[in-house]
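# Structural characterization, general
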Amino acid sequence: MPKYDSRNRKALSNFSGQHLLINKFLIKELVDLAQINRSDMVIDIGAGTGAITFPLAEKAGTVIAIENDPASIQKLRSKIKEENNIKIRQIDVLRYELPRSPFCVVANIPFSITSPIFEKFLGDTSVQLQRAVFIIEKGAAKRFTADPMTNPVILTWRMWYDIRLVRTVPSSHFSPPPSVDSAVVTVIRKKNPAVPINLRRKFIAFASHGLRYPRLPFYEAMNEVFTPPQITKLVRELRIDRNQPICCLNEQQWGMLFLAMTRHVASYRWPKSPKKNKRQ
């Protein structure tokens, strides 16, 4: 896979470094997992010559095939009939402007830019992603679904999306076979998230502060935000040990903790947004 380099956008696109999916049974499984129907707009990232694109087109209302390799684009176009529901976009996915209306994703994405792609699709309050099925590198899949959670970015994704590792994918399902294991991951937008979406930026600041040292005891990680009496009350409400590592909280507990701050803590004590997240 091409290495991620912000100075070289060409390397970010899915050229020959993409491991193309060749197993038809797995492709059907991906489409079925996404529960696609005729009302759906679906994005296929790194469409290649259409291995996933065309099965999606049989189920979806519209399929947007994103591909940046001119040779693959030419082959993809040659397979499309005049009347179709496939829209081809020759562009780096990280430069693509996402739809403003609800959409889904089914894709075998380039392993080298997995985190930037997830941040693009899950890390912006304006994005209308409803559900997705991704094939990604297994190591990334395990990080995104791990407990305890030590990464505030991943925690923030999981506050608004359920992320699940479905299964491992053998290397024989790809051409050329990747040197690392792959996995199927589903992403589903939560109907009732623990934190309202309009408070996302403030939550990012809170999570970044709380997880600055993920293994700190709960009371120590939160003593700059909450007073000792407040921490004592929170320990009871969250049903935790005050000495347990802050990273051991689940999404629901993080939501309760954050909302307690917004309701009972003076705003000057709230953690400030890290500069790198101010665009969100």
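Presented here is a report on the structure given in the accompanying data block. (Residues numbered from 1 in each chain as written. Predicted model: local features only at pLDDT ≥ 70, side-chain atom pairs only at ≥ 80, totals over all residues. Heavy atoms only, no water.)

The next subject is the overall build of the protein. In terms of helices and strands, the protein carries 11 helices and nine strands. Projected onto its principal axes, the C-alpha coordinates of the protein cover approximately 70 × 35 × 35 Å. The proportion of buried residues among the 280 residues of the protein is 49%. Pairs at least 24 residues apart make up 69% of the contacts formed inside the protein by residues separated by at least 6 positions. With an accessible surface of roughly 14100 Å², the protein has 49% of that area assigned to carbon and sulfur atoms. (Helix = DSSP H or I, 4+ residues; strand = E, 2+ residues; numbered from the N terminus. Buried < 20%, exposed > 50% of the residue type's maximum accessible area, 1.4 Å probe, protein only. Contact = heavy atoms within 4.5 Å. Areas by Shrake-Rupley, 256 points an atom, 1.4 Å probe, with all protein chains shown as cover.)

Per the stated rule, a full pass over the model turns up 10 aromatic pairs. Relative to Trp 157, the ring of Phe 144 lies with its centre 5.1 Å away and its plane at 85°, an arrangement referred to as edge-to-face. Taken together, the positions of Phe 144 in helix α6 (residues 138–144) and Trp 157 in helix α7 (residues 152–160) put the pair 13 residues apart, joining distant regions of the chain. Ring centres of Trp 160 and Phe 203 lie 5.8 Å apart, and the angle between their planes is 85°; this geometry places the pair in the edge-to-face category. With Trp 160 in helix α7 and Phe 203 in helix α8 (residues 200–210), this residue pair connects regions lying 43 residues apart in the sequence. Like Trp 160, the residue Phe 203 is buried in the burial classification. (Phe/Tyr/Trp six-rings, centres within 6.5 Å; stacked < 30°, edge-to-face > 60°.)

A word on the nonpolar core. What tends to happen in soluble globular proteins is that the nonpolar side chains get buried as a cluster. Ranked by size, the top nonpolar core spans 64 residues in total, and within it Phe 121, Phe 218, Phe 226 and Trp 254 carry the most contacts. Broken down by element, the residue count for this core peaks at six residues, all from helix α11 (residues 251–264). Ignoring anything within four residues of it in the chain, the contact list for Phe 218 reads Ile 231, Leu 234, Val 235, Leu 238, Ile 240, Asp 241, Arg 242, Asn 243, Gln 244, Ile 246, Leu 249 and Leu 257. Counting residues in hydrophobic clusters, the runner-up holds 27 residues, among them Leu 30, Ala 57, Ile 86 and Ile 88. (Core = buried A, V, L, I, M, F, W, Y, C linked by side-chain atoms within 4.5 Å.)

A word on the packing of α7 against α11. Relative to each other, α7 and α11 sit at 95°, their axes nearing to 10 Å. Taken together, the axes of α7 and α11 lie roughly perpendicular to each other. For the pair formed by α7 and α11, the contact residues are Leu 155, Arg 158 and Met 159 on the first element and Glu 251, Trp 254 and Gly 255 on the second. When grouped by side-chain class, the residues that make up the contact of α7 with α11 number three nonpolar, one polar and two charged. (Axes fitted to C-alpha atoms, helices over the stretch in contact; angles between N-to-C directions. Parallel < 35°, antiparallel > 145°, perpendicular 65-115°, else oblique. Nonpolar A, V, L, I, M, F, W, Y, C, P; charged D, E, K, R; others polar.)

Bringing the side chain of Arg 200 into the picture now. Within the secondary structure, Arg 200 is located in helix α8. Look at Arg 200: it is buried, it has no salt bridge, and the nearest opposite charge is Glu 119 at 6.1 Å. A polar side-chain atom of Arg 200 sits 2.4 Å from the main-chain carbonyl oxygen of Leu 122. (Lys, Arg positive; Asp, Glu negative; His and termini not counted. Salt bridge = Lys/Arg side-chain N within 4 Å of Asp/Glu carboxyl O. Polar contact = N/O pair within 3.5 Å; in protein donor to acceptor, adjacent residues only side chain to side chain.)

Turning our attention to helix α10 (residues 228–238). Taken as a whole, α10 has its buried residues at Ile 231, Leu 234, Val 235 and Leu 238. Angularly, the buried residues of α10 cover 105° about the axis, an arc narrow enough to put them on a single face. The exposed set on the far side of α10, more than 90 degrees from its buried face, consists of Pro 229 and Arg 236. Count one or two residues on from α10 and you reach Arg 239, which has phi positive near 60°. (Arc of directions from axis to C-beta.)

Mapped onto the secondary structure, Ala 107 falls in strand β5 (residues 103–108). The spatial distance from the C-alpha of Ala 107 to the C-alpha of Ala 183 is 12 Å, given a sequence separation of 76 residues. Beyond its immediate sequence surroundings of up to four residues, Ala 107 is in contact with Asp 44, Ile 45, Ile 52, Val 133, Phe 134 and Ile 135.

So, about α8. Counting buried residues along α8, eight of its 11 residues qualify, which places the element largely inside the surrounding structure. Every buried residue of α8 is accounted for by Arg 200, Phe 203, Ile 204, Ala 205, Phe 206, Ala 207, His 209 and Gly 210.

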